[in-house]
Amino acid sequence: MTKRRLGRSELFIDPLVLGTNVFGWTADERTSFDILDAFVGEGFTAIDTADAYSRWVPGNDSESEKIIGRWLKARGNRDKVLIFTKVGSDMGQGKRDLSAKWIAEAVEGSLKRLQTDYIDLYQSHWPDPTVTQEETLTAYDKLIKAGKVRYIGASNYDTALLSEALRLSDQLGLPRYETLQNEYNLVTRDKYEGDVQDLLIKNGLSAITYYGLAAGFLSGKYRKPEDLVGARSGSVQRYFNDKGLKVLAAMDDVSSRTGAALSEIALAWVAARPGVAAPLASATSTTQLQSLVRGARLTLAAEDVKLLNDAGK
């Protein structure tokens, strides 16, 4: 595998980022440690979390960052991994929040939970229409100058918002977003392809895409309505339509020729798209993690890429 640079930063990663929204939710701490150990054992380094993971579970409070922090302390390997986290979700203040005041407070909480002095990539989790982007970028500038954050990224931004942020960074000498984390997979392509993708490529940003497996739908285990059970069933429902089933059929064809599992094909397709540094994917077992690794190392033939492209249009 060839390492890929994130934007114009000095961060280089292999084409797979480990998502950890499942930590403290569908993966307990021991399992999470095993997954993290397996991930770095395969030579990967980029670990993505957020202050809000997994607060949707009753009784949980930023469990993902806490588990990662305990793992980092136990393994003593902070200098060998890259930690990405996010700010901006509603953490009890009643709104999505990218105000300078909240960012200054939130970063301290993340650093404490992660048991680290710095965050490699700090990402705006969601746009906040109640504050100016200048205020947000200025807050990040202070964190970077203080050594608490190395680089910044955005998530769930459209072309207009990202264009404005890049313009402000350039005009005011503020740090710029080096990455964009938007949803992108074989069945949901409009949140990245087109204007967003063109903007990233033109300005040298990198995409770290989420939902690469469409909440598990592209694993192929959801083929009929009665399969829609379990923790992710609600998320999978929106892909269960004629287009989704057409994509699965195309993936089945590719699988028959390559011997690769559908989830591996889905990740390989995303990783090969222009402007994408890496898909982000989570695992609830080391067996699932090994499948993600195989996907990151899979190169699809041109005819297979075309078949998949056409099926997902």
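Let me sum up the structure you'll find in this document. (Residues numbered from 1 in each chain as written. Predicted model: local features only at pLDDT ≥ 70, side-chain atom pairs only at ≥ 80, totals over all residues. Heavy atoms only, no water.)

**Comments concerning the overall build of the protein chain**
Piece 1. Of regular secondary structure, the protein chain possesses eleven helices and ten strands.
Piece 2. Relative to its length of 313 residues, the protein chain is compact, with a C-alpha radius of gyration of 19 Å against a globular reference of 20 Å.
Piece 3. By principal-axis analysis of the C-alpha atoms, the protein chain measures approximately 55 × 40 × 40 Å.
Piece 4. Residues classed as buried in the protein chain amount to 57% of the 313 residues present.
Piece 5. For the protein chain, the exposed area adds up to about 13100 Å²; of that, 50% sits on carbon and sulfur atoms.
Piece 6. Taking the 40 positively charged and 41 negatively charged side chains of the protein chain as two groups, their mean positions are separated by 2 Å. (Helix = DSSP H or I, 4+ residues; strand = E, 2+ residues; numbered from the N terminus. Rg over C-alpha atoms; globule rule 2.2 N^0.38 Å. Buried < 20%, exposed > 50% of the residue type's maximum accessible area, 1.4 Å probe, protein only. Areas by Shrake-Rupley, 256 points an atom, 1.4 Å probe, with all protein chains shown as cover. Lys, Arg positive; Asp, Glu negative; His and termini not counted. Charge placed at Lys NZ, Arg CZ, Asp CG, Glu CD.)

**Brief notes about the packing of helix 5 (residues 159-172) against helix 6 (residues 195-203)**
Piece 1. Running from N to C, helix 5 and helix 6 point in directions that differ by 20°, and their axes come no closer than 9 Å. Classified by the interaxial angle, the pair formed by helix 5 and helix 6 is roughly parallel. Of the two possible hands of crossing, helix 5 and helix 6 adopt the one that is left-handed. Each of T159, L162, S163 and L166 in helix 5 lies in contact with helix 6, whose residues at this interface are D195, V196, L199, L200 and N203.
Piece 2. Among the residues forming the contact of helix 5 with helix 6, the class breakdown is five nonpolar, three polar and one charged. (Axes fitted to C-alpha atoms, helices over the stretch in contact; angles between N-to-C directions. Parallel < 35°, antiparallel > 145°, perpendicular 65-115°, else oblique. Left-handed = near helix turned anticlockwise from the far one by under 90°. Contact = heavy atoms within 4.5 Å. Nonpolar A, V, L, I, M, F, W, Y, C, P; charged D, E, K, R; others polar.)

**Examining the packing of aromatic side chains**
The relative placement of two aromatic rings is captured by the distance of their centres and the angle of their planes.
Piece 1. In the structure shown here, the tally under the stated rule is ten aromatic pairs.
Piece 2. For the ring pair W25 and W56, a centre distance of 5.4 Å and an interplane angle of 85° mean the geometry is edge-to-face. In this pair, W25 sits in the loop between strand 3 (17-19) and helix 1 (29-41) while W56 sits in the loop between strand 4 (46-48) and helix 2 (63-75), placing the two residues 31 residues apart along the sequence.
Piece 3. Seen from their ring centres, Y157 and Y177 are 5.7 Å apart, and the 70° between their planes marks the pair as edge-to-face. Taken together, the positions of Y157 in the loop between strand 7 (149-155) and helix 5 and Y177 in strand 8 (residues 177-181) put the pair 20 residues apart, joining distant regions of the chain. Each member of the pair, Y157 as well as Y177, is classed as buried.
Piece 4. Feature note: the residues Y122, Y140, Y157 and Y177 constitute an aromatic cluster, connected by ring pairs.
Piece 5. It is R78 that lies over the ring of Y118; its NZ or CZ is 4.0 Å from the centre. (Phe/Tyr/Trp six-rings, centres within 6.5 Å; stacked < 30°, edge-to-face > 60°. Lys NZ or Arg CZ within 6 Å of the ring centre and 35° of its normal.)

**Quick word on helix 2**
Piece 1. Compared with the 18 Å implied by 1.5 Å per residue over 13 residues, the 18 Å span of helix 2 between its first and last C-alpha is a close match.
Piece 2. Every buried residue of helix 2 is accounted for by E63, S64, E65, I67, I68, G69, W71 and L72.
Piece 3. With its phi angle positive at about 60°, G76 sits one or two positions after the end of helix 2. (Expected span 1.5 Å × (residues − 1).)

**Brief notes about helix 6**
Piece 1. Looking only at helix 6, the buried set comprises V196, Q197, L199 and L200. Angular distribution of buried residues about the axis of helix 6 spans 160°; they occupy a single face of the element. Among the exposed residues of helix 6, those oriented more than 90 degrees off its buried face are D195 and K202.
Piece 2. One or two steps after helix 6, the chain reaches G204, where phi turns positive at roughly 70°. (Arc of directions from axis to C-beta.)

**A word on the pattern of salt bridges**
Piece 1. Within the structure shown, the criterion is met by 26 salt bridges.
Piece 2. For D79, the salt bridge goes to K80, with nearest N and O atoms at 3.8 Å.
Piece 3. One salt bridge in this structure joins E178 and R176, with 3.0 Å as the shortest N-O distance. Residue E178 shares its accessibility class with R176, and that shared class is buried.
Piece 4. Here the salt bridges share partners, and the residues they tie into one network are R78, D120 and R150. (Salt bridge = Lys/Arg side-chain N within 4 Å of Asp/Glu carboxyl O.)

**Brief notes about the sheet that holds strand 8**
The strands making up a sheet associate through hydrogen bonds between their backbones, and the pairing can be parallel or antiparallel.
Piece 1. Reading around the barrel, the eight strands line up as 3-4-5-6-7-8-9-10 and close back on themselves, with parallel pairing between neighbours. Sheet twist, expressed as the average angle between the axes of neighbouring strands with direction ignored, equals 30°.
Piece 2. Bridging between strand 7 and strand 8 involves four bridges; their strand directions are parallel. When the sheet's bridge partners are listed, S155 is paired in strand 8 with Q181.
Piece 3. Packing against the sheet, helix 4 (residues 133-145) makes contact with strand 5 (82-87), strand 6 (119-124), strand 7 and strand 8, and its axis sits at approximately 155° to strand 7. (Pairing = 2+ DSSP bridges.)

Structural measurements only, silent on function.
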